[in-house]
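Chains, contacts and geometry: an overview
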Amino acid sequence: MHRMKERFDVAVSRNLHDDRRIDVFIGMYAASYESLGVIHRHGGLAVLNFVNSHPTEHNRYLLDLAGLRSSHHELIPDWVAQRVEAELTVADLVLVPSRFVAQQLLDHGVSKEKIATIPYGVDLSAFHPATDMKHGMRQVECLYVGQISHRKGIVVLLQAARKLQNLPVKFRLIGPMVSPEVLADLPENVVYEGASHPGGVADVMRQADLLCCPSLEDAFPLVVLEAMATGLPVITSRHTGSCEILDTGHSGLIVPAGDAEALAESIRRLVESPELRRDLGRAARQKVQGAHSWKDYGKRVLDRIVARRQELGLG
């Protein structure tokens, strides 16, 4: 994957010809060094869309909280980390989705003037509450959607699930497989349903009672916003940028990353209280309706690009 991004960048950079003025170029993390350099040399605004954590912090969290060895495939190789550092150096503007990531970049020497912290948006027409109410006695469904990996906190989620086997709660895991070993010895109250669902993520969320996103590090998991828009109560960790959207105890619950006991207790609270699930879900929907559509996101990005061009005297 990393080599493919490098080849893609080289191919794009070769098509940025001198005879066609480009005012702004937006490149992706770990896939834009050559292209950003071309734009920068020809007087355009070089924008880096920094969608992940800083590589050093990504690796630190996985080594410390997941106990991975330095050779594990979820860790970012040194040569990729160096490429990302080079992108940060050449970029005129760095878009980050959360204060969680912005602080990492500041800690690694990126100037404050370069960083624009703009949370992502959600499609409010696709992600909306179910029209039919859930009735009667039934198992509570705790949903996880995302990569099946150490980084996403799957091991911690399964530890929490084992602590809750005496409760009427079922855990559904949906997402692409990254590290199969995390699903070893699944408890009876957990089912992995594969990488996708026929009805799509929005349909799955409308069937669920709560969403859990226990990542060990995560720049901004979109599933949190999607669940909020669907009216689901959300539990997420402090190491996710999305937690910055939540008012803990009002529109969601936030737990320490890697803490299975705290995660299990938060899930227990929601399983045992339909009223709390309802109240958190309603508040979550209201929160994202206010200012977190993709239209809102796009306007903020464009406004910051215009402002940065003016700051640098580019027009």
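The model shown is predicted, which means the values in this text are computed figures rather than measured ones.

Conventions adopted
- Residues numbered from 1 in each chain as written.
- Predicted model: local features only at pLDDT ≥ 70, side-chain atom pairs only at ≥ 80, totals over all residues.
- Heavy atoms only, no water.
- Helix = DSSP H or I, 4+ residues; strand = E, 2+ residues; numbered from the N terminus.
- Buried < 20%, exposed > 50% of the residue type's maximum accessible area, 1.4 Å probe, protein only.
- Contact = heavy atoms within 4.5 Å.
- Areas by Shrake-Rupley, 256 points an atom, 1.4 Å probe, with all protein chains shown as cover.
- Pairing = 2+ DSSP bridges.
- Axes fitted to C-alpha atoms, helices over the stretch in contact; angles between N-to-C directions.
- Phe/Tyr/Trp six-rings, centres within 6.5 Å; stacked < 30°, edge-to-face > 60°.
- Lys NZ or Arg CZ within 6 Å of the ring centre and 35° of its normal.
- Core = buried A, V, L, I, M, F, W, Y, C linked by side-chain atoms within 4.5 Å.
- Right-handed = clockwise from strand over helix to strand, strands pointing away.
- Salt bridge = Lys/Arg side-chain N within 4 Å of Asp/Glu carboxyl O.
- Parallel < 35°, antiparallel > 145°, perpendicular 65-115°, else oblique.
- Left-handed = near helix turned anticlockwise from the far one by under 90°.

Next up on the list: the overall build of the protein. The helix and strand tally for the protein stands at 11 helices and 10 strands. Along the first, second and third principal axes, the C-alpha set of the protein runs to 70 × 45 × 35 Å. For the protein, the proportion of its 315 residues judged to be buried stands at 52%. Taking the intrachain contacts of the protein between residues at least 6 apart in sequence as the baseline, contacts between residues at least 24 apart amount to 64%. For the protein, the exposed surface amounts to about 14700 Å²; the carbon and sulfur share of it is 51%.

The strand order across the open sheet built from six strands is β7-β6-β5-β8-β9-β10, with neighbouring strands paired in parallel fashion. Each edge of the sheet is formed by a strand with only one pairing partner; in this case those strands are β7 (190-192) and β10 (253-255). Direction aside, the axes of adjacent strands within the sheet are offset by 20° on average. Packed onto the sheet, helix α6 (residues 154-163) meets β5 (140-145), β6 (169-174), β7 and β8 (210-213) and runs at close to 165° relative to β6.

All right, on to the packing of aromatic side chains then. Applying the stated criterion across every chain yields a total of six aromatic pairs. Aromatic rings pair up to connect Y120, F220, W294 and Y297 into one cluster. R3 extends its terminal NZ or CZ atom over the ring of W79, reaching a point 3.7 Å from the ring centre. Over the aromatic face of Y61 sits the side chain of R60, whose NZ or CZ is 4.6 Å from the ring centroid.

Judged by nonpolar contacts, the single largest core of 35 residues is most densely connected at I154, L157, F171, L173, I235, L263 and I267. Counting only elements with at least two residues in this core, the list comes to β5, α6, β6, β8, β10, α9 (260-272) and α10 (274-291). Setting aside anything within four residues of it in sequence, one finds I235 in contact with L210, L211, C212, C213, L253, V255, L263, S266, I267 and L270. Counting 34 residues, the second-largest nonpolar core is a separate cluster that includes V122, I174, F220 and A227.

So, about the pairing of strand β1 (residues 24-28). Side chains of β1 alternate between two faces, with F25 and G27 buried and V24, I26 and M28 left unburied. Direction of pairing for β1 relative to strand β2 (residues 45-49): parallel, over a ladder of five bridges. Its bridge partner being in β2, V24 is matched across the sheet by L45. The β-α-β motif built from β1, the intervening helix α2 (residues 33-41) and the parallel element β2 has right-handed crossover chirality.

Residue position: K152 is located in the loop between β5 and α6. You can call K152 buried: its relative accessible area is 9%. For K152, the contacting residues outside a window of four places in its chain are Y144, Q147, P214, S215, L216, D218 and P221.

Now for the pattern of salt bridges. Going through the model one piece at a time under the given rule, you end up with 18 salt bridges. Ionic pairing is found between R151 and E217, a salt bridge with its closest N-O pair at 3.6 Å. With a gap of 66 residues between them, R151 in the loop between β5 and α6 and E217 in the loop between β8 and α8 (222-230) connect regions that are remote in the sequence. Taking the relative accessible area as the measure of exposure, E217 reaches 2% and is therefore buried. A salt bridge links D279 to R278; its shortest N-O distance comes to 3.1 Å. A residue is classified by how much of its surface remains accessible, and R278, at 41% relative accessible area, is partly exposed. Sharing partners across several salt bridges, the network here consists of R151, K152, E217 and D218.

Right, let's talk about the packing of α6 against α9 for a bit. Look at α6 against α9: their axes get within 8 Å of each other, and the N-to-C directions meet at 55°. Taken as axis vectors, α6 and α9 run oblique relative to one another. Handedness of the α6/α9 crossing: right-handed. Only A260, E261, L263, A264, I267 and R268 of α9 make contact with α6, whose side of the interface consists of V156, L157, Q159, A160 and K163.

Any functional reading would require information beyond the geometric quantities listed.
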